[in-house]
Amino acid sequence: MTSQGRNSRLPGFSKLSAEARLEAIASFAGLSPEELLPLGSPDNGLPQSIAAHMSENNVGRFSLPLGFATNFRVNARDYVVPMVIEEPSVVAAASFAARLLRDGDGIIARSTDPIMTGQIHFPEPPPEGVLERCIEDHKGELAAALNRLHPRLVAAGGGFIEARVRRLTHPDDGHPLAVIHIHVDVRDAMGANAVNSMAEEAAPLLEAWTGARVGLRILSNLPMHRRVHVEGHVPLKAGGGESAMDPEEARRIVEASRFAEADPYRAVTANKGIMNGIDAVLLATGQDFRAVEAAAHAFAAYEGRYGALARWRIIDERLVGTMDMPLALGTVGGITAVHPAVKANFKVLGVTEATRFAEIVAAMGLAQNLAATRALASEGIQRGHMRLHARNFAVQSGATESEVPEVVAAMVALGRSDPQAADLCLAELRAARSRS
Ligand code: MEV
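Residues numbered from 1 in each chain as written. Predicted model: local features only at pLDDT ≥ 70, side-chain atom pairs only at ≥ 80, totals over all residues. Heavy atoms only, no water.

## Examining empty space enclosed by the protein
Heads up, the rule is: Using a grid of 1 Å spacing that covers the protein atoms alone, one calls a set of points a cavity when a 1.4 Å probe fits there but cannot get out, and a pocket when the set is open and has protein on both sides within 12 Å along at least five of seven lines; lining residues are those with an atom within 4 Å of a point. Grid points are joined across faces, edges and corners, and a volume is the space filled by probe spheres set on the points. Helix numbering and strand numbering both begin at the N terminus, where a helix is a DSSP run of H or I of at least 4 residues and a strand a DSSP run of E of at least 2. When residues are sorted by character, Ala, Val, Leu, Ile, Met, Phe, Trp, Tyr, Cys and Pro go into the nonpolar class, Asp, Glu, Lys and Arg into the charged class, and all the rest, Gly among them, into the polar class.
For the coordinates displayed, the defined rule picks out 3 cavities of 30 Å³ or more. Within this model, the largest cavity holds a volume of roughly 70 Å³. Residue lining of the largest cavity: 13 residues in total, with S257, A260, A270, N369 and T373 positioned closest to the centre. Counting residues per element, the ones that place at least two in the lining of the largest cavity are α9 (247-262), α10 (264-284), β9 (310-315) and α13 (354-377). When residues of the lining of the largest cavity are assigned to their parent elements, the largest contribution, 4 residues, is made by α10. Considering only residue class, the lining of the largest cavity consists of 8 nonpolar, 4 polar and 1 charged. Of the volumes computed, that of the second largest cavity is approximately 60 Å³. Lining the second largest cavity are S111, T112, D113, P114, R226, R227, V228, L327, L329, A354, T355 and A358. Going through the elements one at a time, β8 (227-235) and α13 are the ones with two or more residues in the lining of the second largest cavity. Here the lining of the second largest cavity takes 3 residues from α13, the largest share from any one element. Broken down by class, the residue content of the lining of the second largest cavity amounts to 6 nonpolar, 3 polar and 3 charged.

## Quick look at the site of the ligand
Which entries qualify depends on this criterion: When at least one non-hydrogen atom of a residue lies within 4 Å of a molecule or strand, that residue is treated as near it. Under the rule applied, a polar contact is a pair of N or O atoms within 3.5 Å (in protein, one hydrogen donor and one hydrogen acceptor; residues adjacent in sequence only if both atoms are side-chain atoms). Method for areas: the Shrake-Rupley scheme with a 1.4 Å probe, in which residue coverage is limited to the protein chains shown.
Close to the ligand lie 10 residues; E87, R266, K272, N276 and L376 are nearest. E87 is positioned such that a nitrogen or oxygen atom in its side chain is 2.6 Å from an oxygen atom of the ligand. Residue K272 places a side-chain N or O atom 2.7 Å away from an oxygen atom belonging to the ligand. Computed on the free molecule, the ligand has an accessible area of 300 Å², of which 86% lies beneath the protein chains in the complex. Among the residues making up the shell around the ligand, the classes are represented as 4 nonpolar, 3 polar and 3 charged.

## As for the nonpolar core
Definition in use: Think of a nonpolar core as a cluster: buried Ala, Val, Leu, Ile, Met, Phe, Trp, Tyr and Cys residues, connected wherever their side-chain atoms sit within 4.5 Å. For every residue, the accessible area (1.4 Å probe, protein chains only) is compared with the maximum for its type, and the residue is labelled buried under 20%, exposed over 50%, or partly exposed between those bounds. The contact definition used throughout considers only heavy atoms, calling two residues in contact when any of these lie within 4.5 Å.
If you look at the biggest cluster of nonpolar residues, it comprises 60 residues, and the most contacted ones within it are L319 and L370. Per element, the largest residue contribution to this core is 11 residues, and it comes from α13. Contact partners of L319, with chain neighbours within four places excluded, come to G232, H233, V234, L236, M245, A250, I253, V254, W312, R313, I314 and L370. Among the nonpolar cores identified, the runner-up in size contains 30 residues, and I135, L142, A143 and F160 belong to it.

## Section: the sheet that holds β8
Under the convention used in this document: Two strands make a pair as long as DSSP finds a minimum of two bridges between them. A fitted line through C-alpha atoms represents every axis, and for helices the fit uses only the stretch in contact; the resulting angles, taken between N-to-C directions, go from 0 to 180 degrees.
What the 4 strands build is an open sheet, ordered β3-β8-β10-β9; its pairing is antiparallel. Looking at which strands have only one partner, the edges of the open sheet turn out to be β3 (108-111) and β9. Pairs of neighbouring strands in the sheet enclose a mean axial angle of 15°, with direction left out of account. Contacts from helix α11 (residues 289-300) reach β8 and β10 (318-326) within the one sheet, and its direction differs from that of β10 by about 115°.

## Looking at the packing of aromatic side chains
For clarity, the threshold we go by: Between 30 and 60 degrees the pair is tilted, below 30 it is stacked and above 60 it is edge-to-face, where a pair is any two Phe, Tyr or Trp rings, Trp via its six-membered ring, whose centres lie within 6.5 Å. We call a charge positioned over a ring when the NZ of a Lys or the CZ of an Arg lies within 6 Å of the ring centre and within 35 degrees of the ring normal.
Applying the stated criterion across every chain yields a total of 1 aromatic pair. In this structure, R290 packs its charged tip against the face of F289, placed 4.7 Å from the ring centre.

Here it is as structure tokens:
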């Protein structure tokens, strides 16, 4: 079944050559040869002249593998998802789990409006009530001053929403501290620039209105009001089927999920697996992955104890996974308009709205968690990883493209995946070929 004309189910994609995969991606996303070019080129179309101005003391550019996860369906629409990652098996695992989660409308994702928080810190706050009264009395004036900075954001339906007082205590002596949070709808931007400039603009106004000194004024990277909720399900059916799972396998996944929910040692590893998928998409799309990582882990610990981001249960003959997380992503700003491969990857995704983009990213995290948990709850990950690691070692040992499959097969038959085994299998293969 296709959704809205796009079918991300690309059977045999993993068996194609890199060139043929690019052609399949181009035909899936309707990319022109020029648009496709940065994805296949060694520097991803990023000229040194641009790279040199992105960050300081630059000496060049740095490559990582780019791949595409297939099979994704989110809110009844199909997606092929770009991923930049060096770890073997993450892209394959995402594609596999996305196939399991394709049933019906696929993964269902819901997001809040894209609301970010800025913090204006009062190290020696005035008596309780003063800050509260100030933001109430000057509501309109504050909104006008902050929105004046970003007319385009306001025209797009975003802008300053409200200010709230947050009271804290000093960690050393218990003295009061206060913060004014400003909430800003940043629309399709990640929002750091808009929020930081608004916080800096608000600070002197608040000082003048309250007589209290402002300390820091900066974006919070914990966007509790910019969240995505995803829910995925896999029908249970003995014997399988393309998008179905054996009930015993599902029971083991639930058991593993409960372990992660109960134990921070396990939760952090499960969450790392979720971030394997999420970070890979963020790198491919030029996002601030450090901000997303920081927020994800703070959110996982928000109730006072670090917990699992995702949760799996069996409900009505289906394995159901849910996950809620903050995601501050942008489809405009940053390097999204500058980096040729980032632009091409957004075209492949076919999204322009930041909230839709965040829904795909969260769906990727949930799929990755399903794949990792399923592997761990059955054969373990080492056997599954073995072939992929073996391929890396075969390439490192100098095997040519035509030799790699045979070297890998020999290593798997030996039950070994290490550099010495790759050297040995390559030498044996070459000796056998020279004899024949
Ligand atoms: C490895 O990069 C990620 C996993 O450890 C995640 C998990 O344990 O769920 C496999």
